Every structure is written in C-alpha cells, then in structure tokens.
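# Chains, contacts and geometry: an overview
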Amino acid sequence: MSNDLAKTPLDSVHREAGARMVPFAGYEMPIYYRSIVSEHNACREKAALFDVSHMGRLRFDGVGSEALLDKLLTRKVSDMPVGGVRYGLICNDTGGVLDDVLVSHLETPSQQRYHLMVVNASNRVKILKWIESLLPEFPKVTFSDRTDITAMIAVQGPLAIETSKRIFHFDISKLKYYQATITNQFSKPVMLSRTGYTGEDGYELVCRAEEAPRIWENLMLVGRDAGFSEAGLGARDTLRLEAGMPLYGHELSESIDPLTAQLGFACTLGNRDFIGSDALEGIAENPTPMVRVGLLPDSKRPAREGYPVLNAEGQAVGEITSGSQSPTLSRPIAMAYVRRDDVSSNHLQIDIRGTLVPAEIVQLPFYRRS
Amino acid sequence: MTRDETKLLYASTHEWADIEELDGVKYATIGVSAFAIEQLNDLVYMDLPEVGREVESGDELGEVESVKAVSPLYSPVSGEVVETHGELPDELEKLNSDPYNFGWIVKVKVSNDSGMDTLLKYEEYKKQCSESA
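These numbers were taken from a predicted model, which means no experiment stands behind them. (Residues numbered from 1 in each chain as written. Chains lettered and ligands numbered in written order. Predicted model: local features only at pLDDT ≥ 70, side-chain atom pairs only at ≥ 80, totals over all residues.)

### Structural notes on the overall build of chain B
Helices and strands together make up the secondary structure of chain B, namely 3 helices and 9 strands. Along the chain direction, N to C, the helices and strands of chain B fall in the order β-β-β-α-β-β-β-β-β-α-β-α. Over its C-alpha trace chain B gives a radius of gyration of 14 Å, about what one expects of a compact globule, namely 14 Å for 133 residues. Principal axes of the C-alpha set define a box for chain B whose edges measure 40 × 30 × 30 Å. (Helix = DSSP H or I, 4+ residues; strand = E, 2+ residues; numbered from the N terminus. Rg over C-alpha atoms; globule rule 2.2 N^0.38 Å.)

### Quick look at the sheet that holds strand E11 (residues 180-185) of chain A
Residues and elements named next belong to chain A. The strand order across the open sheet built from 6 strands is E11-E12-E13-E10-E4-E14, with neighbouring strands paired in mixed fashion. Edge positions in the sheet fall to E11 and strand E14 (229-230), since each has one partner strand and no second. The pairing of E11 with strand E12 (residues 188-193) spans 6 bridges and is classified as antiparallel. Counted as the bridge partner of Ile-182 is Met-191 from E12. Where helix H6 (residues 212-223) meets the sheet, it contacts strand E4 (48-51), strand E10 (150-156), E11 and strand E13 (202-208), and its direction lies at approximately 15° from that of E10. (Pairing = 2+ DSSP bridges. Contact = placed C-beta atoms within 7 Å. Axes fitted to C-alpha atoms, helices over the stretch in contact; angles between N-to-C directions.)

### Quick word on the pairing of E13(A)
All names here are of chain A. With 6 of its 7 residues buried, E13 lies for the most part within the structure. Both E10 and E13 contribute to a ladder of 7 bridges, which runs antiparallel. Looking across to E13, one finds that Val-155 is bridged to Tyr-203. Of the pairings in the sheet, the one linking E12 to E13 comprises 3 bridges and is antiparallel in character. Following the sheet pairing, Leu-192 is matched in E13 by Leu-205. (Buried ≥ 20, exposed ≤ 12 C-beta atoms within 10 Å, placed from the backbone.)

### Observations concerning the interface of chain A and chain B
Interfaces are often sized by the amount of accessible area the parts lose when they come together. Each partner contributes to the interface: chain A provides 12 residues, whereas chain B provides 8 residues. The set of elements that each furnish at least two residues to the side of chain A that touches chain B consists of helix H2 (36-45), helix H7 (233-242) and strand E17 (316-326) of chain A. Counted by class, the side of chain A that touches chain B contains 4 nonpolar, 5 polar and 3 charged residues. (Nonpolar A, V, L, I, M, F, W, Y, C, P; charged D, E, K, R; others polar.)

### Focus on the domain arrangement of chain A
Structurally, chain A comprises domain 1 (6-55 + 148-242), domain 2 (58-131) and domain 3 (289-362). On a C-alpha basis, the centres of domain 2 of chain A and domain 3 of chain A stand 34 Å from each other. (Domains from an automatic or database assignment.)

### Some points on the environment of Leu22(B)
By the element assignment, Leu22(B) lies in strand E2 (residues 15-22). On a C-alpha basis, the gap between Leu22(B) and Pro99(B) in space is 24 Å, while along the polypeptide they are 77 residues apart.

### Looking at helix H8 (residues 277-285) of chain A
All names here are of chain A. Buried within H8 we find Ser-277, Leu-280 and Ile-283. One side of H8 holds all its buried residues, which, seen down the axis, span an arc of 120°. Away from its buried face, by an angle of more than 90 degrees, H8 presents the exposed residues Gly-282 and Glu-285. Buried residues in H8 make contact with strand E6 (85-91). (Arc of directions from axis to C-beta.)

### Concerning the sheet that holds strand E4 (residues 43-47) of chain B
Residue and element names in this part refer to chain B. Across the sheet, 3 strands lie side by side as E4-E6-E7; this open sheet has antiparallel pairing. Every other strand in the sheet has two partners, leaving E4 and strand E7 (70-74) as the edge strands with one partner each. Each neighbouring strand pair of the sheet contributes to a mean axis angle of 25°, computed without reference to strand direction. As defined by bridge partners, strand E6 (residues 60-66) adjoins E7 across 5 bridges and the pair is classed as antiparallel. Bridged to Glu-63 within E7 is Pro-72.

### Focus on the pairing of strand E20 (residues 355-362) of chain A
All names here are of chain A. Summarising the sheet, strand E15 (residues 290-297) and E20 pair through 4 bridges and their orientation is antiparallel. Bridging from a neighbouring strand, Leu-295 pairs with Ile-361 of E20. Two strands pair when backbone bridges link them, and strand E19 (residues 348-352) and E20 are joined in this way by 5 bridges, in the antiparallel orientation. Bridge pairing in E20 places Asp-351 opposite Leu-356. Hairpin geometry of E19 and E20 is characterised by an intervening segment of 2 residues between the two adjacent antiparallel strands and by a positive phi of about 50° at Arg-353.

### Section: unusual backbone geometry
Residues and elements named next belong to chain A. Note that the residue after Leu-364, namely Pro-365, is joined by a cis bond; omega there is 0°. Relative to the assigned elements, Pro-365 resides in the segment after E20. Positive phi outside glycine occurs at Tyr-178, with the angle close to 65°. Secondary-structure assignment places Tyr-178 in the loop between helix H5 (160-164) and E11. On the neighbour-count criterion, Tyr-178 (16 C-beta atoms within 10 Å) is partly exposed.

### Considerations on the nonpolar core
Residue and element names in this part refer to chain A. With 106 residues, the main nonpolar core has Ala-48, Leu-49, Ile-153, Met-191 and Leu-205 as its most contacted residues. Those residues in contact with Ala-48 that sit more than four places away from it in its chain are Glu-39, Ala-42, Cys-43, Gln-156, Gly-157, Phe-228, Ser-229, Ala-231 and Ala-235. If you look at the next biggest cluster of nonpolar residues, it comprises 21 residues, including Val-291, Val-309, Ala-336 and Ile-352. (Core = buried A, V, L, I, M, F, W, Y, C linked by C-beta atoms within 7 Å.)

Next comes the structure, spelled out in structure tokens:
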C-alpha cells in the first residue's frame, strides 16, 4: 500500500486483530475485521469498537472562541454550557455545506475551558484553511489541530455504557445524550462524550495518541466476553445509513444546503449572523426543488449511490446518494435526493442497473433503537 | 464428487474453471474462488446469465453484490452458457463454506480455446492472491 497514507495510533492493533485495511481520506483504515454484517450486528445487539482517529479534532482556546464558532456554524454554540455537545454545519456564503461537525464545550481538571470541534477526515485540511482565514478577526483565539497527537475511539451499542463502568473512573451513564466531560485514565486526560454515529447508545472518547492502544485493549478485554466486536468503516457506514444519518460526500456537499438535506434542526436562523445565514434564510423562504428522503427499493438487489430515481411516468426526478443491504432489516435501503413535487405521489422507481424497481418513500431513520 | 481446488484453473479476476471433456466437447464449470469470496465479504445478490448466451473469455457473465459493492463476474472461457445454478442466488451464504461444489455458478460449452492459455494453475493463482492480499 502507498506510503503517503497516514496511520492512526491504533494501526498495529488493527493489523494484529486481522483487519482488512483500505485507504480512506488519506489514512489506512480497517474496512472490516471479519465481516461487515457480523460487526454491524454486534453493534446493534451488544457493542462495537470503532477507531475514528482519522476524524479531525480542532481545539479553540481563549476569549472570542464562542464568537468565532457562532460565526462559523449554523448552530449557535455560545449559549452552550460546559459539558454540552452540539451538531452543526459549516457553510459557505451561498449556504453550501463545507462540513458537518460536533462541537463540545469542555473543562479540564485544572478548570481550563475550551471548545473541541470534530470534523470529517476528508474535510480537515479545507476546514483548517477556512478557520485560519477567520482568525485575524479573533486575535485572542488560540486554534490548534489536535488530530495527530490524539486518538478517537467510538464505543457503540446497548452494552457500551454498562461495560464502561469497569474501565473508566467516571460513570458515563451520568452523561445525558450529547453531553461530554474530561476524566483521567491511567493519570492522563480522556474526553468522554455520549455521542455516536450508529443509532445506538454509546460514547466516543478522545485520548492522547500513545494511550490509545492500551485503552482499546482494555475495552476489548472487558468487552469480548460480553460479545463486543471491533468494527470497521464498512459497518460504520451501514449503521449510520440505517440510522438515517447523512455522510459528507454522499448526502452533503458544497452544492447542497442544510435545509434541503433536512438538517434544519441544526440551523439556528433569525437574528443570527453566521457565514451563509442570509443564503439559508432565503432558502427557508423559497425551498429548493429537491429534498432528502429515505427509500425502500422493492428488490433483492441494493440500490447504490448514483442510481437514477424516476417518477411513475419514467422521468428522472432524483438520484440515490447512499444505498446498501440493511443487515438489521435484511433488505435494501437507500437515501436519495428527490424532487419535492414527486415525493407526495410516492410512486417512485429506481433504475437498478437497467431494471426499474418500485421504491417506497419512508420516514427516516430506517432503524430506531427500542 | 468433491472438486479439488488444487486441480482447477483460475482467471486472474478470481473465477475458477473446472474443465471436463465429454464426447470430444469441453465443458467448463465456473465459480468464484474462496479468496475472492472472502474479499467480497457478505454477499447479498447474484445475477446469473441466461442459458444460451454466447460469451467470449473475459466477457461479463453476471454480477455479484456484497453489502458494500457490485463486482463483475467474468467468463474464463469462450462458449455458450448451457446451465446456470438457479438455487445459488437464494443461498449465497453457502458460497462461503463451499465455493467449489455448491458454489458453482454456470456451465459453459467451450467453443474454442481462446483465453484458455491465460488461465492460471492453482499454485500460480495462490501466488497472485498472496501478492495482492
């Protein structure tokens, strides 16, 4: 494999576990260890461990951090208390999505407060430059890229929180969904955040890069008997698709705005100035002709990204952005952008490699945990 | 009869061919190697060719889909499709455990030997797999 790919701090752990490694966003990442479906099912039924160290971790310190973030993000974060986590988007002036991110407001044990932003691996360099261009307006903000000196692990599944009690001094069940804290593990700081990208309960942690293998091995040690599995990017994708969550490069791009993507909940509009706010207010008044939907193809064969969506008359009215066999539902599922006018008719078809297949529009998510 | 994987011929695109001669006519039974099935991971769909179709070696015979991707299935030989394994698409999970017997996909009546000389013996194919893994 090419030498210009970066390795995460858990690279050797993955190789020892028999992972199949693939290039992804400039990193060598595990696509699966044994099989996508078994890792997917482990996450839904027990718990799964994901190395998400490839995602960018950007830190904002100092006076003005909140003002900078409020200018950058579709979601207001200046009113977020310590311990809060919010999902938001970074848009360009025309409302196109540059990235979707999580921002946490954290306090170190020495009572230093800062904000941590987690960005998509594929967008890290673009977002770094975007933020650096804003820094002159906020001279007291210290902005640092913590990606290379830290690692990030997601532990997701119904047993994730319960099992964490045997590992961490901090009781993660005390965090509500979308809350985060910093605790000490092996006398080193670890950020714990009750968030995830699978539709399951669970948490994500950020630790120092050199601590990551020991934490991962401890998690597997206490988890293996409980049915934990390591899980790769393959299962991460099928899990997020079932949970109806967008993925940058598929449902999100610079030519799609958050409202068309049905992410209005992550946009605080009205009396707020942020980059893209004027454009988004315009789009809120005059929606774009397209909308993101969930589709159930009436087929054994999965619909995939790029396949055309047609109306009953056979006119092209949209395109699949993500599609796969759903391991939980044992049937194909897909997300697509479809013309708003054709959504109500609900007589859509998908061109699956030359065969027209009826498809039903369904409310997202495809899967909701009980 | 159990097929011996070490006696089969392999295309560099991971199909195996078991070539038998009957009344002076060669027939190739074709499937996908255990290595490729493992790499494909979690098969969900297989599309078989129609009986009677004429194929050249290297032509697409059908498609195999895993959870993640669509992969073409190429014909290692030239000839006419004379039989397809109709039960296979409904029992793809058996491909993992038995790729060389239950896992046969099509039978082709070989019309000419074009492409046959490019097929690999088991040891050569294994070497190719170990280099790509």
